[in-house]
Amino acid sequence: MKPLQNMPAALRSAVWEAVGLDPEEASLHAAIFTAIHEEDAGQLTALAEVADKTACERQRQGLIETLHKAREIIDRLEKRRKTEQRLAKLIDACAKLSSQLELDCIYNAIVDQTRRLMSCDVAFLTLYDEPADEFFVRAADGILSDRFISARISGNAGLTAYILRCGSPQSSVDYVQDQRFSHSIAIDSTANREGIHAILGVPITIHGRPLGVLFACDRHPRRFGQDEVDVLATFSKHASNAIDTSSRLADAAEKLGNAVALNAELALGIDSARQAVAECAKLSAHLASGASLDELSTLLSNRLGGQVLVLDCGEQLACASQTKLSERSALQDCPKWQRSIHLALDASRTMAHSVELNGEDGSFYRVLSLRTERGRGGALIAVTSSPLNESQTLIFEGSSVPIAIALAERATQLAAWRKDFPRLVRELIDEWPMRDAHSKSVLRHFGIDIEHPLRLASIDAGSGASDFVLGYLDRLPSSGQSIYAEVNGAVLVIFQDSCHESYIDALRGLCATGTRARLSAVVSNSVPATRSLRSALYTLRQCHRLTNQLGLQGTLQTEASLGMYALLFSEQSDEHVRGFIGAALGRLAPLDSERKEELAHTLLTYLDHGQNARAAASALDIHVNTFRQRMDSILSLLGEWPRHERVLEMHNALRLWRLSNTNRQLDRD
């Protein structure tokens, strides 16, 4: 409204006259209106003093009443202005809060905007840790010490717990002195360190669940008005919504990330499955084109970047990719590891997928049980320097089908070929010419090259033990370079001279198996051509007779150690052999005491070393003087050193004694 002072004087006088006011009273009313328009409370105070001096009682009362109404109008205008300012601040605070998406940023924005909104010294937000039943400061603004942030408050103490219990805002002019709330030394000391007096707290809830409390504090006593309480309560609701929205966005982002990762994993799995199908198709194509088990295992090993082993139904090594035969028995050398493989195969049969093992040498083993139409079909093992990934595992497991088929075909073929073993062994011994292409093919498959040196082994199986011996030979890893059959009560084995060491070790293990029938075996010297096998067999039979005479059942001997004595004594009786030993050794026999055995061993060592005393003492690991003392004892028994021809007889007798004594010593052990 335009002030009356700005009206023309004539118009102003007409207005005063119309309302029945004299010029002085009208001037005071005009001044009051001007003060209301300018919201000048000081001007009203000055006008009140003028009104008190008015002579007319009626005019004075009218002016006082007008001044009172004017003050109420100014107060309402001031209050509305402050409310509008707070609402503007609230809208600005909510807008800034809504612009944040990260939860940590939202917490910091809440306390920062609370300080601006409430014009206070300190603002902080406490959250409830439900598992620990404690409150902790999540964010703070305006604090003096970092210890305030690390403070933790019991879930049933202090103003925080009280606000959450009653679910409404609470304030205090001087918190430390306020006895309405339960206090603790820790809480009060924290408030004193920060110099906090006035405090206002409002609860923050999400869907009815208490989350924490938002506080506005001052370092001097202050009474928070209801409008301030309402503003902070309203802001806390916006803060709750912002926290809830950010939490939901974080959960949604995490779920989206998980979904993306799962989708990528599924895509990788589909790609791995496609690769596995493609590799299996390649192996099946190779199998259909006539590829052998060894070729399939080599193809798979190249794809996996490691070694592939195939076990037969008896869990014996059938083939190994790119591995020499001497290395193929390594899988059988450790009983403990063989037991681990067996348990892994049982687990694979139960779970219908492969099982991983960690080797003692740092290698990784992937074991899979193979199955055929007849049931168990063996095992497939991959040995790698690092664990197989998912794609490689699928390829490994998918390749089991063509490899199982190849293994079954090989087993069928081997069984058919081994039916020819008796005929082949007889043909080789009887010096029949090998013109049959099929026979040569079978011999080549089992590693027998008749153009290179061979060896013949004869195993005296005794009564009813031939099947046991043949089954043992079938399971030997080195059986792939030999043929064997029962001929006239003995099991004959023909194998390549190049692998005689491993085969002799295997036969020695056969003789030591401890069956009811005492098995004994004799291995020939290297036979340069098949035409000599018959004579080698004749010598081995003589060696067998000598082993029986000397009681060497249950041992493995060689033609090199028995051949000469077999020619001398094979036609003699057991009594004749023992008589020869006694006659040749004289008073040194019978060797029925430890002392005589020690002297006989000393004399044999002396003769084996060309009658060199120092060499014999070194071989016996005794002092040369001790050796001479033993030789003196021997001479005292013999009477005198025998002549040259008698020395040869004594030497042979001692060697025969050593052969028989070794077996007796094994029996005692």
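Above this text is the structure in question.
What counts and how
- Residues numbered from 1 in each chain as written.
- Predicted model: local features only at pLDDT ≥ 70, side-chain atom pairs only at ≥ 80, totals over all residues.
- Heavy atoms only, no water.
- Pairing = 2+ DSSP bridges.
- Helix = DSSP H or I, 4+ residues; strand = E, 2+ residues; numbered from the N terminus.
- Axes fitted to C-alpha atoms, helices over the stretch in contact; angles between N-to-C directions.
- Contact = heavy atoms within 4.5 Å.
- Buried < 20%, exposed > 50% of the residue type's maximum accessible area, 1.4 Å probe, protein only.
- Arc of directions from axis to C-beta.
- Phe/Tyr/Trp six-rings, centres within 6.5 Å; stacked < 30°, edge-to-face > 60°.
- Disulfide = S-S within 2.5 Å.
- Core = buried A, V, L, I, M, F, W, Y, C linked by side-chain atoms within 4.5 Å.
- Expected span 1.5 Å × (residues − 1).
- Parallel < 35°, antiparallel > 145°, perpendicular 65-115°, else oblique.
- Nonpolar A, V, L, I, M, F, W, Y, C, P; charged D, E, K, R; others polar.

Peer 1: Hey, could you run me through the sheet that holds strand β14 (residues 490–496) in this one?
Peer 2: Strand pairing in a sheet relies on backbone hydrogen bonds, with the paired strands running either antiparallel or parallel. The sheet built from five strands is open, its strands ordered β13-β14-β12-β15-β16 with mixed pairing. The open sheet terminates on both sides in strands that have one partner only, identified here as β13 (482–487) and β16 (556–558). The mean angle between the axes of side-by-side strands here comes to 20°, regardless of whether they run parallel or antiparallel. Two strands pair when backbone bridges link them, and β13 and β14 are joined in this way by six bridges, in the antiparallel orientation. When the sheet's bridge partners are listed, Val487 is paired in β14 with Ala490. Of the strands in this sheet, β13 and β14 touch helix α15 (residues 421–429), which is tilted by about 90° from β13.

Peer 1: So what exactly am I meant to see when it comes to helix α8 (residues 185–194) here?
Peer 2: Along an α-helix, residues three or four apart share an orientation, since each turn contains 3.6 residues. Taken as a whole, α8 has its buried residues at Ile187, Asp188, Thr190, Ala191 and Glu194. An end-on view of α8 places all buried positions within 160° of arc, on one side of the element. In the core, the buried residues of α8 are packed alongside α6 (147–150), β3 (152–154) and α7 (158–166). With its phi angle positive at about 70°, Gly195 sits one or two positions after the end of α8.

Peer 1: What am I meant to see in the packing of aromatic side chains here?
Peer 2: The geometry of an aromatic ring pair comes down to the distance between the two centres and the angle between the two planes. The final tally for this structure, using the stated rule, is five aromatic pairs. Ring geometry for Phe421 versus Tyr484: centroids 5.3 Å apart, planes at 80°, classification edge-to-face. Separated by 63 residues along the polypeptide, Phe421 in helix α15 and Tyr484 in strand β13 bring together distant segments of the chain. Look at Tyr484 and you get buried, because its relative accessible area is 5%. Consider the rings of Phe495 and Tyr503, whose centres lie 4.6 Å apart with planes at 5°: the pair is stacked. With respect to class, Phe495 is no different from Tyr503; both count as buried.

Peer 1: Can you walk me through the sheet that holds strand β6 (residues 209–218) in this structure?
Peer 2: Overall, antiparallel pairing links the six strands, which are arranged β3-β2-β1-β6-β5-β4 in an open sheet. Of all strands in the sheet, those with a lone pairing partner are β3 and β4 (170–172), marking the two edges. Each strand of the sheet is rotated relative to its neighbour by a mean of 25°, with strand direction disregarded. Where strand β2 (residues 134–141) and β3 come together, three bridges link them in antiparallel fashion. Its bridge partner lying in β3, Phe135 is registered against Ile153. Seen against the sheet, helix α9 (residues 226–288) touches β5 (198–206) and β6 and runs at an angle of roughly 35° to β5.

Peer 1: Could you clarify how one ought to interpret the state of the cysteines in this entry?
Peer 2: Each disulfide consists of one covalent bond between the sulfur atoms belonging to two cysteines. Per the stated rule, a full pass over the model turns up zero disulfides. Counting only cysteine sulfurs, Cys120 is the nearest neighbor of Cys217, a cysteine outside any disulfide, at a range of 7.0 Å.

Peer 1: Got a minute to help me understand the nonpolar core in this structure?
Peer 2: Core analysis: the largest hydrophobic core is formed by 50 residues, its most contacted members being Leu473, Ile483, Val493 and Leu507. Of the residues forming this core, the biggest block, seven residues, is contributed by helix α19 (residues 533–550). Residues Leu117, Ala123, Leu232 and Ala242 belong to the second largest nonpolar core, which totals 33 residues.

Peer 1: Would you explain helix α22 (residues 594–608) in this entry?
Peer 2: Compared with the 21 Å implied by 1.5 Å per residue over 15 residues, the 21 Å span of α22 between its first and last C-alpha is a close match. Three or more residues of α22 are buried, namely Lys596, Leu599, Ala600, Thr602, Leu603, Leu604, Thr605, Tyr606 and Leu607. Positive backbone phi, approximately 65°, marks Gly610, located one or two places after α22.

Peer 1: Looking at this model, I keep getting lost on unusual backbone geometry. Mind explaining?
Peer 2: Peptide bonds are, in most cases, trans, and in most cases residues other than glycine have a negative phi. You will see that Ser119, though not glycine, has its phi angle at about 50°, which is positive. Position of Ser119 relative to the elements: it lies in the loop between α5 (103–118) and β1 (122–129). Here Ala352, not a glycine, exhibits a phi torsion of approximately 60°, which is positive. With respect to the helices and strands, Ala352 occurs in the loop between α12 (335–351) and β9 (355–358).

Peer 1: Help me understand the side chain of Thr160, please; the structure alone is not making it clear to me.
Peer 2: Structurally, the position occupied by Thr160 is in helix α7. With relative accessibility at 5%, the residue Thr160 sits in the buried group. Setting aside chain neighbours within four positions, we find Thr160 in contact with Thr126, Phe135, Val213 and Phe215.

Peer 1: So what exactly am I meant to see when it comes to the packing of helix α10 (residues 293–304) against helix α13 (residues 390–398) here?
Peer 2: Packed helices, taken two at a time, are described by the angle their axes make and the gap between the axes. Where α10 contacts α13, the two axes come as close as 10 Å, and the packing angle between them is 170°. The angle between α10 and α13 places the two elements in the roughly antiparallel class. Every residue of α13 that contacts α10 at Leu300, Arg303 and Leu304 is listed here: Gln392, Ile395 and Phe396.

Peer 1: I would appreciate a short explanation of the packing of α22 against helix α24 (residues 624–638) in the present structure.
Peer 2: Direction vectors running N to C along α22 and α24 enclose 105°, while the axes themselves pass 10 Å from each other. By the angle between their axes, α22 is roughly perpendicular relative to α24. Facing Arg595, Glu598, Leu599, Thr602, Leu603 and Tyr606 of α22, the residues of α24 in contact are Phe627, Arg630, Met631, Ser633, Ile634 and Leu637. For the contact of α22 with α24, the per-class residue count stands at seven nonpolar, two polar and three charged.

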